[in-house]
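Coordinate inspection notes
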Amino acid sequence: MTAITITDAAHDYLADLLSKQNTPGIGIRIFITQPGTQYAETCIAYCKPGEEKAEDTALGLKSFTAYIDSFSEAFLDDAVVDYATDRMGGQLTIKAPNAKVPMVNADSPVNERINYYLQTEINPGLASHGGQVSLIDVVEDGIAVLQFGGGCQGCGQADVTLKEGIERTLLERIPELKGVRDVTDHTQKENAYY
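Residues numbered from 1 in each chain as written. Predicted model: local features only at pLDDT ≥ 70, side-chain atom pairs only at ≥ 80, totals over all residues. Heavy atoms only, no water.

Cut-off, in case you're wondering: UniProt positions are given in the numbering used here, feature names are shortened, and annotations may be inferred rather than shown by experiment.
Per an unreviewed UniProt entry, the protein goes by the name Fe/S biogenesis protein NfuA and belongs to Pseudomonas bijieensis. Of the comments in the UniProt record for the protein, the one headed Subunit (unreviewed entry) reads "Homodimer." Database annotation for the protein, UniProt heading Sequence similarities (unreviewed entry): "Belongs to the NfuA family."

1. Points about the side chain of T169
Note the cut-off: Under the scheme used here, helices are H or I runs from DSSP no shorter than 4 residues and strands are E runs no shorter than 2 residues, and both carry numbers assigned from the N terminus. Remark: exposure states derive from per-residue accessible area (1.4 Å probe, protein chains only) relative to the maximum for the residue type, with buried under 20%, exposed over 50%, and partly exposed in between. Here, residues are in contact when the closest pair of their heavy atoms is within 4.5 Å.
Tracing the backbone through its elements, the reader meets T169 in helix α3 (residues 158–173). According to the relative accessible area criterion, T169 is buried, its value standing at 18%. Ignoring sequence-local partners within four residues, the contact set of T169 consists of E121 and I122.

2. Quick notes on the sheet that holds strand β9 (residues 143–150)
How we decide: DSSP bridges decide pairing: two strands pair if at least two such bridges lie between them. Fitted lines through C-alpha atoms give the axes, limited to the stretch in contact for helices. The angle between two N-to-C directions lies from 0 to 180 degrees.
The strand order β8-β9-β10 describes an open sheet built from three strands, whose pairing is mixed. Each of the sheet's edge strands pairs with one partner strand only, and the pair in question is β8 (131–139) and β10 (179–182). With strand direction ignored, the average angle separating the axes of adjacent strands in the sheet is 35 degrees. Pairing of β9 with β10, which is carried by four bridges, proceeds in the parallel orientation. Its bridge partner lying in β10, L146 is registered against D182. Relative to the sheet, helix α2 (residues 110–126) contacts β8 and β9, its axis offset from that of β8 by approximately 160 degrees. Strands β8, β9 and β10 of the sheet are contacted by α3, whose axis makes an angle of about 150 degrees with β10.

3. Quick look at the sheet that holds strand β7 (residues 89–95)
The strand order across the open sheet formed by three strands is β1-β6-β7, and the pairing between neighbours is mixed. Each having just a single partner strand, β1 (4–6) and β7 make up the two edges of the open sheet. For this sheet, the mean angle separating the axes of adjacent strands, direction not counted, is 20 degrees. As judged from the seven bridges shared by strand β6 (residues 79–86) and β7, these two strands associate in the antiparallel manner. Across the sheet, V81 pairs through a bridge with I94, a residue of β7. Docked against the sheet, helix α1 (residues 8–19) engages β1, β6 and β7, running at close to 75 degrees with respect to β6.

4. Remarks on the nonpolar core
To keep things clear, this is the line we draw: The nonpolar core is taken to be a set of buried Ala, Val, Leu, Ile, Met, Phe, Trp, Tyr and Cys residues, with the residues joined through side-chain atoms within 4.5 Å. Each domain's extent was defined by an automatic or database domain assignment.
One finds L118, L146, I166 and L170 to be the most contacted residues of the largest nonpolar core, which totals 42 residues. Ranked by residues supplied to this core, first place goes to α2 with six residues. Both domains that meet at this core, namely domain 1 (2–93) and domain 2 (108–180), each give it at least three residues. If we ignore the near neighbours within four places in the chain, the residues touching L118 are N123, P124, V133, S134, L135, L146, I166 and L170.

This is how it looks when you write it as structure tokens:
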């Protein structure tokens, strides 16, 4: 269960906002962009019915449902959503002490560490081009086999991005990794099909 606290004041404020949307069943979605990095930002967005993701955790509150993004969930431990009023009005605040804390360490399996850095550091940069990269496998000699998707697929710069950006980042973060390779790389002659 997510250890996230939404105070009564925050609940009532959000419920009031949601009631003005004229959308039956509307809720909120809580997620973190670039979790586990110094750039982590905790976000709350409207979530219309059908906009939640299958892997989200649904948190049923008194007046609405809060959907917690599955990848952000571990980083939202001990998070508090509050609404504080002052003379100028009020403000919704989100304190997420673990948003910037990496959830992997040197003892985590290599594939978990690769996935973590892909999600937190590499994919947010590729997302601006509508692309993403995912780990297929770690093969002999510590080579990570990656697959490009979205806008990266068939992009002439994908191999440059792979070598210059992705490989450099991963090798800095994961010393035992020896390199990265695109899943469609046919320089490995044994399995190549011409």
